[in-house]
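What follows is the residue order along each chain.
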Amino acid sequence: MEIDLIFKIAAVGIIISILNQVLVRSGREEQATMTTLTGLVVVLMMVVQKIAALFDMVKDLFHF
């Protein structure tokens, strides 16, 4: 597993949590929620790409 993926996920999490706190303290709870959901989608897309690559590798390994 690439360590870069873990660092990217951690960086997205840190940035999103900071943005969330800033937006909540400024009274924009709806935008804070949308920012959190956007960060979740970004991380899920990164993970889904890696899982798709894993499935392709397993498929090539067993010649399906």
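Computed from a predicted structure; not experimentally measured.

Asker: Explanation requested: the overall build of the protein chain in the structure shown.
Answerer: Secondary structure assignment for the protein chain yields two helices and zero strands. Compactness check: the protein chain gives a C-alpha radius of gyration of 16 Å against a globular reference of 11 Å for 64 residues, more than 25% above the reference. Within the protein chain, buried positions represent 12% of all 64 residues. Counting only carbon and sulfur atoms, one obtains 72% of the accessible surface of the protein chain, whose full area is about 5400 Å². Computed over 5 positive and 6 negative side-chain charges, the separation of the two mean positions in the protein chain equals 5 Å.

Asker: Please clarify how helix 2 (residues 29–61) should be interpreted in this entry.
Answerer: Here helix 2 contains 33 residues, and its C-alpha end-to-end distance of 48 Å stays within 8% of the 48 Å for a straight helix at 1.5 Å per residue. Every buried residue of helix 2 is accounted for by Ala32, Thr35, Gly39, Val43 and Met46. Where helix 2 is buried, its residues contact helix 1 (3–25). Remark: His63 follows helix 2 within two positions and exhibits a positive phi of approximately 55°.

Asker: Mind showing me how you'd approach the environment of Val58 here?
Answerer: Structurally, Val58 can be placed in helix 2. Spatially, the C-alpha atom of Val58 lies 48 Å from that of Gly27, the residues being 31 residues apart in sequence.

Asker: Explain the environment of Leu54 to me, please; I cannot follow it from the model alone.
Answerer: Tracing the backbone shows Leu54 in helix 2. Classification of Leu54 as partly exposed rests on a relative accessible area of 42%. Here the alpha-carbon distance between Leu54 and Ile14, two residues 40 residues apart in the chain, equals 27 Å.

Asker: Teacher, can you tell me more about the packing of helix 1 against helix 2 here?
Answerer: In a packed pair of helices, the relevant descriptors are the angle between the two axes and the axis-to-axis distance. Between helix 1 and helix 2, the shortest axis-to-axis distance is 8 Å and the interhelical angle comes to 170°. Classified by the angle their axes make, helix 1 and helix 2 are roughly antiparallel. Taking contact as the criterion, the partners of Leu5, Lys8, Ile9, Val12, Ile16, Leu19, Asn20, Leu23 and Val24 in helix 1 are, on helix 2, Glu29, Gln31, Ala32, Thr35, Thr36, Gly39, Val43, Met46, Val47 and Lys50. When grouped by side-chain class, the residues that make up the contact of helix 1 with helix 2 number eleven nonpolar, five polar and three charged.

The rules behind each value
Residues numbered from 1 in each chain as written. Predicted model: local features only at pLDDT ≥ 70, side-chain atom pairs only at ≥ 80, totals over all residues. Heavy atoms only, no water. Helix = DSSP H or I, 4+ residues; strand = E, 2+ residues; numbered from the N terminus. Rg over C-alpha atoms; globule rule 2.2 N^0.38 Å. Buried < 20%, exposed > 50% of the residue type's maximum accessible area, 1.4 Å probe, protein only. Areas by Shrake-Rupley, 256 points an atom, 1.4 Å probe, with all protein chains shown as cover. Lys, Arg positive; Asp, Glu negative; His and termini not counted. Charge placed at Lys NZ, Arg CZ, Asp CG, Glu CD. Expected span 1.5 Å × (residues − 1). Contact = heavy atoms within 4.5 Å. Axes fitted to C-alpha atoms, helices over the stretch in contact; angles between N-to-C directions. Parallel < 35°, antiparallel > 145°, perpendicular 65-115°, else oblique. Nonpolar A, V, L, I, M, F, W, Y, C, P; charged D, E, K, R; others polar.

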